[in-house]
Amino acid sequence: MKNKLVFNVIYASLMFFILSCKHDNIKNRTLITIKGSDSELNLVRVFTGKFKNNFKFYDFDLSGGGSKKGILALINNETDIANSSRFLNEGEESALNTRSETIYPFYIASDVVCVISNPENGIDSISLNQLSDVLSGVIFNWKQLGGNDLPIKIFGRDNNSGTRSYLQQVMGIKKISEYHVNYKSNTEIISVVEKEKGAIGYVNVGSLLDKEGKPFSKVWAMNIYGEGISSCSPYESERIRSGEYLLTRPLIQYITQPKKEILEFIRFELDAPQQIELENHGYLKLNAVQTEINNRTINKIESVLGHYY
């Protein structure tokens, strides 16, 4: 009986110790919330996974849905980081300034926007002017572009999308065609373009690549050309780096709270190993100008934090 009592006391003490440690571990974990751009989602998922392998007491709440959603969440203080494939508009800047928030932007990569089509359409290349006419409804059949006699079915993103906003801005499209069908994610667009004859859509190249960097072969990634600029595939890495592909844009993360934990993660994203690896996922690493801008932003935050490094 005495031995059993001693055993129970030791067992209870041990369980209390284990549960206390577990509670302390949970209590001391850092949760970083990241919302926004669907084009950045796969890339940031890679970053957060690697970061958690190195820093065990960090957790991430990561979601996509579009740049507008991420920025709105930042305005409403519902996220630590807003992923955005476009710059803030005047209304968004005004909303943050009204809250007396300092806005800290970071470039984390550059991105290739890809126009995809169903292979049955009979066209492998499209100019920016033709693409503008397609997206605005002026061109409505593939035979107008030299392809098969098929009505053009446009599948793209909703109004939350930074990619849609970017394309409208680049091509000066004030109003998207009434035949444009909205989807919330790149994955949905790829799936419907694969199945629908006459389909065209737009996604980022990263969403077309598997873990080995091989492209999804059941949709056609169209070559893009412009006036005086020869046709270029969204998979031609060297030509894209040299500026020959016409649809590239920076990917940005916005924060308003200069917390050391958030800066720790962002610096991890910007470090050389991550910047080298991201090219395997269809993204472009930072250039010298973007790196200099990031360094200045880091200096501002460190000044606020009291140079905690």
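First, a word on scope: everything that follows refers to the structure included in this document. Note that the coordinates shown come from a computational prediction; the quantities given were computed from them, not determined experimentally.

1. Considering the side chain of Q253
Tracing the backbone through its elements, the reader meets Q253 in strand β12 (residues 248–255). Here N83 takes part through its side chain, which lies 3.0 Å from a polar atom of the side chain of Q253. Polar side-chain contacts of Q253 include one of 3.2 Å to the side chain of E269. Filtering out sequence-adjacent residues up to four positions away, Q253 remains in contact with E40, V44, I81, A82, N83, Y104, P105, F106, I108, I266 and E269.

2. Structural notes on the nonpolar core
Within the largest apolar cluster, 43 residues are counted, with the highest numbers of intra-cluster contacts made by I116, L135, I200 and L247. Discounting chain neighbours no more than four positions away, the residues touching L135 are I154, L167, M171, I173, K175, I176, S177 and Y202. Of all hydrophobic cores here, the second largest spans 35 residues; its members include I34, F51, Y254 and L286.

3. Description of the environment of S230
Its location among the elements puts S230 in strand β11 (residues 229–232). Counting along the chain gives 24 residues from S230 to Y254, while the straight-line C-alpha distance between them is 35 Å. Those residues in contact with S230, other than ones at most four positions away along the chain, are I224, Y225 and R239. A polar atom in the side chain of S230 sits 2.9 Å from the side chain of R239.

4. Details of the packing of helix α2 (residues 38–54) against helix α9 (residues 260–270)
Relative to each other, α2 and α9 sit at 115°, their axes nearing to 10 Å. With respect to each other, α2 and α9 are oriented roughly perpendicular. As α2 packs across α9, the resulting crossing turns out to be right-handed. Contact with α2, carried on its side by V44, F47, T48, K50, F51 and N54, involves E264, F265, F268 and E269 of α9 and no other residues of that element. When the residues that make up the contact of α2 with α9 are grouped by side-chain class, the tally is five nonpolar, two polar and three charged.

5. Topic: helix α11 (residues 288–305)
Since one α-helical turn is 3.6 residues long, residues separated by three or four positions face the same way. A rise of 1.5 Å per residue sets the reference length of α11, with its 18 residues, at 26 Å; its end C-alpha atoms lie 26 Å apart and thus fit the reference within 8%. Regarding α11, the residues found buried are Q290, N294, T297, I298, I301 and E302. Along the axis of α11, the buried positions cluster into a sector of 140°, meaning they face one direction only. With respect to the buried face of α11, the exposed residues turned more than 90 degrees away are A288, V289 and K300. In this fold, the buried residues of α11 make contact with β4 (104–117), β12 and α9. Capping the start of α11 is the job of one residue whose side-chain oxygen sits 3.1 Å from the backbone nitrogen of V289: N287. G306 occupies a position one or two residues after α11 and carries a positive phi of about 80°.

6. Some words on the sheet that holds strand β5 (residues 125–127)
Spatially, three strands are ordered β5-β10-β11 in an open sheet, and the strand pairing comes out mixed. In the strand order of this sheet, the two ends are held by β5 and β11, each with one partner. Each strand of the sheet is rotated relative to its neighbour by a mean of 20°, with strand direction disregarded. With three bridges joining them, β5 and strand β10 (residues 223–226) adopt parallel strand pairing. Considered in β10, the bridge of I126 is made with I224.

7. Quick look at helix α7 (residues 186–195)
Every buried residue belonging to α7 is among N186, I189, I190, V192 and V193, and all of these are buried. Those residues of α7 hidden inside the fold are in contact with α2, β4, β6 (153–157), β7 (180–183) and β8 (199–204).

8. A short note on the environment of G137
As for its placement among the helices and strands, G137 is situated in the loop between α5 (128–135) and β6. Considered as a pair, G137 and N186 are 49 residues apart in the sequence and their alpha carbons are 21 Å apart.

9. Some remarks on the packing of aromatic side chains
Applying the stated rule across the entire model yields eight aromatic pairs. The interplanar angle of 75° and the centroid separation of 5.1 Å between the aromatic rings of F51 and F268 together place this pair among those described as edge-to-face. Residue F51 is located in helix α2, and its partner F268 is located in helix α9; the two are separated by 217 residues in the primary sequence. In terms of burial, F51 and F268 fall into one category: buried. Among the aromatic residues, ring-to-ring pairing joins F51, F55, Y58, F60, F265 and F268 into one connected group. In this structure, R249 is placed above the aromatic ring of Y166, and the distance from its NZ or CZ to the ring centre is 5.5 Å.

The rules behind each value
For every chain, the first residue of the written sequence is number 1, and numbering continues from 1 along that sequence. Per-residue local features of the predicted model are confined to residues with pLDDT of at least 70, and side-chain atom pairs are confined, for both listing and counting, to 80 or more; whole-chain, interface and lining totals are unaffected and use all residues. To obtain the side-chain values, all non-hydrogen atoms of the structure were used and water was disregarded. Each helix corresponds to a stretch of at least 4 residues labelled H or I by DSSP, and each strand to a stretch of at least 2 residues labelled E; elements are numbered beginning at the N terminus. Counted as a polar contact is a pair of N or O atoms within 3.5 Å, where, for protein atoms, one must be capable of donating a hydrogen and the other of accepting one, and residues adjacent in sequence contribute only when both atoms are in side chains. Between two residues, a contact is recorded if the distance between any of their heavy atoms is within 4.5 Å. Take the buried residues of types Ala, Val, Leu, Ile, Met, Phe, Trp, Tyr and Cys, join any two whose side-chain atoms come within 4.5 Å, and each joined set is a nonpolar core. With a 1.4 Å probe rolled over the protein chains alone, any residue whose accessible area is under 20% of its type maximum counts as buried; one over 50% counts as exposed, and the rest are partly exposed. Fitted lines through C-alpha atoms serve as axes, helices being fitted only where they are in contact, and the angles separating the N-to-C directions of these axes extend from 0 to 180 degrees. For this classification, under 35 degrees means roughly parallel, over 145 means roughly antiparallel, 65 to 115 means roughly perpendicular, and everything else is oblique. Should the near helix be turned anticlockwise from the far one by less than a right angle, the crossing is termed left-handed; should it be turned clockwise, right-handed. When residues are sorted by character, Ala, Val, Leu, Ile, Met, Phe, Trp, Tyr, Cys and Pro go into the nonpolar class, Asp, Glu, Lys and Arg into the charged class, and all the rest, Gly among them, into the polar class. In this scheme, a helix's expected span is set at 1.5 Å multiplied by one less than its residue total. Our arc is simply the arc of the directions from the helix axis toward the C-beta atoms. The pairing criterion is simple: DSSP has to find at least two bridges between the two strands. Classification of ring pairs rests on two measures: the distance between centres of Phe, Tyr or Trp rings, Trp counted by its six-membered ring, which must be within 6.5 Å, and the angle between planes, read as stacked under 30 degrees, edge-to-face over 60 and tilted in between. By definition here, charges over rings are those cases where NZ of Lys or CZ of Arg is within 6 Å of the ring centre and within 35 degrees of the ring normal.

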